[in-house]
Amino acid sequence: MGTADGQVVGVQKVVDNGPNADRYNIVILGDGYRADELTKFAADVDTFISTFHATAPYDKLWPGINIHRIDVASTDSGADDPGTCGDNSTGSGVKARTYFDSTFCGDGRIRRLLTCNTSLAKSTALAHVPEVHMRMVIVNTDEYGGSGGAVATFSTHASAVEIGLHEMGHTAFGFADEYEYYRGCGSGETGHDNYAGAEPVEPNVTANADPTTIKWRSVLTNPADGLPTTQNANCSDCDTQGNPQPDDYVGAYEGARYFHCGCYRPSFNCRMRALGNPFCGVCQHVIAESLQPFLPPPGA
Amino acid sequence: MPSSYTHTLRITFAHDGPKLEITNVQRVAMRAPAALPPAGDNQAGYWLEVRDSKGALLYHRPIHDPLRQHVESFGEAAGAPTQRLADAGDRGEFEVLVPDLPDAQTFRLHGPTLAPAGIGTAAAAARLASPGGTLSAHSFDELRARAGQGG
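Residues numbered from 1 in each chain as written. Chains lettered and ligands numbered in written order. Predicted model: local features only at pLDDT ≥ 70, side-chain atom pairs only at ≥ 80, totals over all residues. Heavy atoms only, no water.

Peer 1: Report on the environment of A274 of chain A, specifying residues and quantitative values.
Peer 2: In this fold, A274 of chain A is placed in the loop between β9 (259-265) and α5 (281-291). When the C-alpha positions of A274 of chain A and S89 of chain A are compared, they lie 23 Å apart, and in sequence the two are 185 residues distant. (Helix = DSSP H or I, 4+ residues; strand = E, 2+ residues; numbered from the N terminus.)

Peer 1: Tell me about unusual backbone geometry, and please be specific about residues and values.
Peer 2: All names here are of chain A. A cis amide bond links A56 with the next residue in sequence, P57, at an omega value of 5°. That bond from L227 to P228 is cis: its omega, 0°, falls within 30 degrees of zero. Its location among the elements puts P228 in the loop between β7 (199-200) and β8 (253-256). Backbone geometry places D101, a non-glycine residue, at a positive phi of 55°.

Peer 1: Outline the packing of helix α1 (residues 38-53) of chain A against helix α4 (residues 161-173) of chain A, listing residues and values.
Peer 2: For any two helices packed against each other, one specifies the inter-axial angle together with the distance between the axes. Residues and elements named next belong to chain A. Between α1 and α4, whose axes approach to 11 Å, the crossing angle comes to 55°. Compared by their axis directions, α1 and α4 come out oblique. At the point where α1 passes α4, the crossing takes the right-handed sense. Two secondary-structure elements touch here, α1 through F48, T51 and F52 and α4 through V161, L165 and M168. Per-class residue counts for the contact of α1 with α4 are five nonpolar, one polar and no charged. (Axes fitted to C-alpha atoms, helices over the stretch in contact; angles between N-to-C directions. Parallel < 35°, antiparallel > 145°, perpendicular 65-115°, else oblique. Left-handed = near helix turned anticlockwise from the far one by under 90°. Contact = heavy atoms within 4.5 Å. Nonpolar A, V, L, I, M, F, W, Y, C, P; charged D, E, K, R; others polar.)

Peer 1: Tell me about helix α3 (residues 118-128) of chain A, and please be specific about residues and values.
Peer 2: If you check which residues of α3 of chain A are buried, you get L120, A121, K122, T124, A125 and L126 of chain A. Regarding α3 of chain A, its N-cap is N117 of chain A, as a side-chain oxygen of that residue lies 3.3 Å from the backbone nitrogen of S119 of chain A further along. (Buried < 20%, exposed > 50% of the residue type's maximum accessible area, 1.4 Å probe, protein only. Polar contact = N/O pair within 3.5 Å; in protein donor to acceptor, adjacent residues only side chain to side chain.)

Peer 1: So what's going on with the domain arrangement of chain A? Residues and values would help.
Peer 2: All names here are of chain A. We note that the domain assignment places domain 1 (3-173) and domain 2 (176-274) within chain A. Computed from C-alpha coordinates alone, the two centres of domain 1 and domain 2 are separated by 31 Å. At the junction of the two partners, domain 1 supplies seven residues and domain 2 supplies five residues. Across the interface of domain 1 and domain 2, roughly 510 Å² is buried in total on both sides, 52% from carbon and sulfur atoms. (Domains from an automatic or database assignment. Buried area = accessible area lost by both parts, 1.4 Å probe.)

Peer 1: Hey, could you go over the packing of aromatic side chains for me, with residue numbers and the actual values?
Peer 2: Residues and elements named next belong to chain A. Summed over all chains, the structure comprises 18 aromatic pairs over all chains. With centroids separated by 5.0 Å and ring planes inclined at 85°, the aromatic side chains of Y99 and F100 adopt a geometry described as edge-to-face. When its relative accessible area of 10% is taken as the criterion, Y99 is described as buried. Plain terms: the ring middles of Y253 and F268 are 6.0 Å apart, the flat faces sit at 75° to each other, and that makes the pair edge-to-face. One end of the pair, Y253, is in strand β8; the other, F268, is in the loop between β9 and α5, with 15 residues separating them in the sequence. A residue is classified by how much of its surface remains accessible, and Y253, at 0% relative accessible area, is buried. Among the aromatic residues, those joined into a ring-pair cluster are F48, F52, Y58, W62, F154, F173, F175 and F279. In this structure, R265 is placed above the aromatic ring of F268, and the distance from its NZ or CZ to the ring centre is 5.7 Å. (Phe/Tyr/Trp six-rings, centres within 6.5 Å; stacked < 30°, edge-to-face > 60°. Lys NZ or Arg CZ within 6 Å of the ring centre and 35° of its normal.)

Peer 1: Account for the interface of chain B and chain A, with residues named and values stated.
Peer 2: With 49 residues of chain B at the contact, the number on the chain A side is 60 residues. With both chains or domains summed, chain B and chain A bury close to 4,300 Å², and 57% of this area falls on carbon and sulfur atoms. Where chain B packs against chain A, one counts three salt bridges. For R135 of chain A, the salt bridge is made with E95 of chain B, and the minimal N-O distance between the two is 2.9 Å. There are 28 residue pairs in polar contact (both at pLDDT 80 or more) connecting chain B and chain A. Within the residue set of the side of chain B that touches chain A, elements represented by two or more residues are β2 (19-28), β3 (43-44), β4 (46-51), β5 (57-63), β6 (70-73), β7 (83-86), β8 (91-99) and α1 (122-129) of chain B. Note that β7 of chain A and β3 of chain B share two bridges and pair parallel. Within the sheet, the bridge partner assigned to P200 of chain A lies in β3 of chain B and is A44 of chain B. (Salt bridge = Lys/Arg side-chain N within 4 Å of Asp/Glu carboxyl O. Pairing = 2+ DSSP bridges.)

Peer 1: Let's hear about the pattern of salt bridges: which residues, and what values?
Peer 2: Scanning the model with the defined rule gives 25 salt bridges over all chains in all. Across the pair E202 of chain A and R257 of chain A runs a salt bridge whose closest N-O atoms are separated by 3.0 Å. With E202 of chain A in the loop between β7 and β8 and R257 of chain A in the loop between β8 and β9, this residue pair connects regions lying 55 residues apart in the sequence. The class for R257 of chain A is buried, based on a relative accessible area of 3%. Linking D141 of chain B and R144 of chain B is a salt bridge whose minimum nitrogen-to-oxygen distance equals 3.7 Å. Of the two residues, D141 of chain B and R144 of chain B are both situated in helix α2 (residues 140-148); the distance of three residues between them amounts to about one turn of the helix. A relative accessible area of 52% places D141 of chain B in the exposed class. The exposure class assigned to R144 of chain B is partly exposed, which follows from its relative accessible area of 26%. One continuous salt-bridge network, built from bridges that share partners, spans D177 of chain A together with D65, E72 and R84 of chain B.

Structural data, given as structure tokens:
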């Protein structure tokens, strides 16, 4: 497995909005595509690009983004699927000879943690696109799975693209997780009741719910409503109340950054809280601010 | 942040337990994401900053979990809640992108100075909430020279 099991066969700039030196460069590599499946890889990348382009706020920032596709032919198709995993799940036991060694159960504990050789993915992307900002690896398997870190890795399952978008939120924009636990609501975990620490540096969570000084005061939907928008009545577990406001309302909802109380998120839901949701208004604002330098001048 | 810069420093860090060091610096003709304002004088989490010779802040951006203390589990199927588990490894590397600004004098990486404490413990919660300290500090002259020498 590894570089002996494939080779880079080509690089295509599939979204070209200008010189790499001036634009935000995303590089997408493939793993588990044989040479005769690279047409499929191109199609899978196009599918991702369509989803990405339609995801707010990237739709409005599109002129500032380049996307590069690196075609890598692996000896075998797919990914490793260990027969056993620490979560007691079972797999086919297949060992696929692929360039980036993609595997489910990547940490030995979680079946859906689909990982690859991120060091090789990073260096391969850098070798072909020195101006790379964000790397992604699409793995040629329709089993649901993915992972984050410096390289967002996800399968071709229709919902796995959400993993890539969430992880890009972390890697590219420094977003915190907006869910209020580690192991889950009702898991009985301890140590997550009350956040009483310093103000989080991440732009999408806060310990300060004062509407005049909250870090996202410029995008509050209606400051006159007052903050917080919701408070958790039982800090020993997740807040179970519904959203008293519309889905896109920006206020301050208690429960975020792994704590049930004392830390707030901007909207009831967001892709950084649960996959399958749009980015909240604050995340969209921060993405737009971050990518502003890459946009062409007006009229260009 | 001034728009009149042409290059960005790609700084690679390696961490091994408590040890954190720069292993490579590249100076690339590219732009970096825009600066984001600090959350205050005391912040929890990881962030990088660039200051001029007078100590004025020129650039600031948050970084999420660069040392990969945890892994995210996305559930058994689409739509399942996301969870976090402690990462068994304590070695790895990460990159940061820092604009090579004309007046840049110092670069610092900030983050929790308390020792890694796994997950689900009082120590882990304290680490999440603690104000960040300086984890790495370098002059821009040093970084540029290193990039000029091939990393």
